[in-house]
Amino acid sequence: MKKGWLIALVLLLIGFAGAYIWYRNTTDKRTATGGPHDDTLKPRLELSRMNINDISDDAINMTMELLIDNPLPVGFKAHQMDYTVFIANTPVIKDTYKKTIELKAGDSTLLALPVKVMAKTLTQVLKTLERKGIDSTTYKVQSTFALDVPILGEKTFAVTIDRRLPTFYIPQIKIEDIDFGPLGLKRTDVATKVNVVNKNKFSFNIADARYTVAIDGKQIADGHQSDPISIKAQATTPVIFPVTARPGKTLSVLPKMLFDKKDTPYRVNFSCKLIDKKGNAAIDDSKFAAVITGTLDDLKKLKK
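Residues numbered from 1 in each chain as written. Predicted model: local features only at pLDDT ≥ 70, side-chain atom pairs only at ≥ 80, totals over all residues. Heavy atoms only, no water.

1. Observations concerning unusual backbone geometry
Operational definition: The helix count covers DSSP runs of H or I at least four residues long, the strand count covers runs of E at least two residues long, and both are numbered beginning at the N terminus.
One non-glycine residue with positive phi stands out, namely Asn89, at about 65 degrees. Tracing the backbone shows Asn89 in the loop between strand 4 (81-87) and strand 5 (90-97). Even without being a glycine, Gln234 presents a positive backbone phi close to 45 degrees. Mapped onto the elements, Gln234 comes out in the loop between strand 14 (229-231) and strand 15 (235-245).

2. Some words on helix 2 (residues 119-132)
Each α-helix turn comprises 3.6 residues. Residues three or four places apart therefore point the same way. Condition: By this rule the span expected of a helix is its residue count minus one, scaled by 1.5 Å. Each residue gets one of three labels from its accessible area relative to the maximum for its type: buried under 20%, exposed over 50%, partly exposed in between, using a 1.4 Å probe on protein chains only. As used here, the arc belongs to the directions running from the helix axis to the C-beta atoms.
Taking 1.5 Å of rise per residue, 14 residues should cover 20 Å, and helix 2 covers 20 Å from first to last C-alpha, within 8% of that figure. Buried residues of helix 2: Ala119, Leu122, Val125, Leu126 and Leu129, and no others. The arc that holds the buried residues of helix 2, viewed along the axis, is 125 degrees, so those residues lie on one side. Exposed side chains of helix 2 directed beyond 90 degrees from the buried face belong to Lys120, Lys127, Arg131 and Lys132. Remark: Gly133 follows helix 2 within two positions and exhibits a positive phi of approximately 70 degrees.

3. So, the confidence of the model for the chain
In regions of low pLDDT, the predicted coordinates are not meant to be interpreted in detail. As a reminder of what qualifies: Known as pLDDT, the predictor's per-residue confidence is scaled from 0 to 100. Residue contacts follow a heavy-atom distance rule, with two residues in contact if any of their heavy atoms lie within 4.5 Å.
Averaged over the chain, the pLDDT score is 78; the fraction of residues at 70 or greater is 77%. Averaged over each element, pLDDT in the chain is lowest for helix 1 (residues 2-29) (46) and highest for strand 14 (94). Here residues 6-39 is modelled with pLDDT under 50, and outside its nearest four sequence neighbours on either side it reaches 38 contacts, counting other chains as well.

4. A few points about the packing of aromatic side chains
Operational definition: For this analysis, a ring pair means two rings from Phe, Tyr or Trp (six-membered ring only for Trp) whose centres lie within 6.5 Å, classed as stacked if their planes differ by under 30 degrees, edge-to-face if by over 60, and tilted for the remaining angles.
In this structure the tally under the stated criterion is four aromatic pairs. Ring centres of Phe168 and Phe202 lie 6.4 Å apart, and the angle between their planes is 15 degrees; on these two criteria the pair is classed as stacked. Separated by 34 residues along the polypeptide, Phe168 in the loop between strand 9 (153-166) and strand 10 (172-180) and Phe202 in the loop between strand 11 (188-198) and strand 12 (204-215) bring together distant segments of the chain. Residue Phe168 is classed as buried on the basis of its relative accessible area, which comes to 11%. A ring pair is formed by Tyr211 and Phe241, whose centres lie 5.0 Å apart and whose planes are at 50 degrees; its orientation type is tilted. With a gap of 30 residues between them, Tyr211 in strand 12 and Phe241 in strand 15 connect regions that are remote in the sequence. We classify Phe241 as buried; its relative accessible area is 1%. Here the aromatic residues Tyr211, Phe241 and Phe270 are joined through ring pairs into a cluster of three or more.

Listed below in structure tokens is the structure:
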């Protein structure tokens, strides 16, 4: 019995030794290029897709899906992965994936990495691309992770991957007018005239639009448009959103609305879902939110 265990142990050690020698010989013969599928024997990463989850005036929250493949003859475990995301060769985020990554030999898995890009940084990148007339962008990910590999111990790997995708411009919501109808005892119908600016080369729908209107810091109206609205590609689409105002709240700011337009601020909070007609997974069913501010004097007119 003991002799059988001894033979099994020797065979196991020989197997690990063979894997180690193979690994060493392979890596010595090949030069790392940093690509996702170069000839170096190391974990391979591939950018599967990027999903936009939420767009606001402050930031864009995305989920970046990475396919990680293990070509090693043994399994490995990584306790974390550091990564930097570049858009058009400009670093937009640097973060750490802190969940344990564990793969068996020859196995693969899909990682969902959260990416939060600040709007100010992205706007600068997009302005440069627009000025140069570039309609597609290189999204690059530089990742570094330490693997705990049996026999070999801890090894640090750096992998750079990139993928060229269409440039995505954030839609712009511009208020043209807030048109008040006759004041009623219980409600006042208001039409908010909006221009939706879409610089992208594809059209989309906005659905489940919700919005509130505040004047001089007081919310006086709100509305909801459930029907989808088609937004044209590379164009400005005018849209009228119905809003219901409460007279009690409207009357409190009426003097400023009539006699102090220049110094009376307005604020519109707008949210909706973006629906891509062709099922583009990058933006389809993503949330969009915008805050539009100005003064009443900025509007074309304000009916009594």
